[in-house]
Amino acid sequence: MGKSSTEKDAQALFHSLRSAYAATPTNLKIIDLYVLFAVSTALIQVGYMAIVGSFPFNSFLSGVLSCVGTAVLAVCLRIQVNKENKEFKDLPPERAFADFVLCNLVLHLVIMNFLG
């Protein structure tokens, strides 16, 4: 028996995405790994809270919001650093990274304040 058309389409889509991502610059792949790490850390914290409980709830919220906020800021950094994005072509990568660091500093100051 041959493969169904849906399976062939899925394989073709996966192959095209894989070949397109292979052409992605290394610095964007590193940012993608950082986003994946932040999101997976947030998911681990949510899983831990579901199993063990959330007694200090503000600590749980601080941890998850820290991970999610960091992931969002990293996605913004990836958008600004991407050379194919014409909207930020005049923005140097150093400025984008400085914005990322400053926003992370503000985010984590707010989270530390929320912890009490």
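Note that this is a predicted model, so its numbers are computed, not measured. (Residues numbered from 1 in each chain as written. Predicted model: local features only at pLDDT ≥ 70, side-chain atom pairs only at ≥ 80, totals over all residues. Heavy atoms only, no water.)

Student: Would you take a moment to explain the packing of helix α2 (residues 26–52) against helix α3 (residues 57–81) for this structure?
Tutor: A packed helix pair is summarised by two numbers, namely the angle formed by the two axes and the spacing between the axes. Orientation of α2 relative to α3, taken along the N-to-C sense of each, is 165 degrees, at an axis distance of 9 Å. The angle between the axes of α2 and α3 places the two elements in the roughly antiparallel class. Viewed along their axes, α2 and α3 form a crossing whose handedness is left-handed. Partitioning the contact of α2 with α3 into residue classes produces 18 nonpolar, five polar and two charged. (Axes fitted to C-alpha atoms, helices over the stretch in contact; angles between N-to-C directions. Helix = DSSP H or I, 4+ residues; strand = E, 2+ residues; numbered from the N terminus. Parallel < 35°, antiparallel > 145°, perpendicular 65-115°, else oblique. Left-handed = near helix turned anticlockwise from the far one by under 90°. Nonpolar A, V, L, I, M, F, W, Y, C, P; charged D, E, K, R; others polar.)

Student: How should the side chain of S62 be read in this particular structure?
Tutor: Within the fold, S62 resides in helix α3. With relative accessibility at 4%, the residue S62 sits in the buried group. The contact partners of S62, leaving out residues within four places of it in the chain, are I111, F114 and L115. (Buried < 20%, exposed > 50% of the residue type's maximum accessible area, 1.4 Å probe, protein only. Contact = heavy atoms within 4.5 Å.)

Student: What should I look at first to understand the side chain of Q80 in this one?
Tutor: Structurally, Q80 can be placed in helix α3. Here Q80 falls in the buried class, since its relative accessible area comes to 19%.

Student: Sorry, what's going on with α2 here?
Tutor: Helical periodicity: at 3.6 residues per turn, an α-helix aligns residues three or four positions apart in one direction. Over its 27 residues, α2 runs 39 Å from end to end, which matches the ideal 39 Å to within 8%, given 1.5 Å per residue. One or two residues past the end of α2 sits G53, with phi positive at roughly 120 degrees. (Expected span 1.5 Å × (residues − 1).)

Student: How should the UniProt feature "transmembrane region" (unreviewed entry) in the chain be read in this particular structure?
Tutor: Cross-referencing UniProt, the feature "transmembrane region" (unreviewed entry) maps to residues 33–51, 57–77 and 97–115 in the present numbering. End C-alpha to end C-alpha, residues 57–77 measures 30 Å, and it is 100% helix and 0% strand. Helix makes up 100% of residues 97–115 and strand 0%, whereas the separation of the span's terminal C-alpha atoms amounts to 27 Å. (UniProt positions renumbered as here; feature names shortened; annotations may be inferred.)

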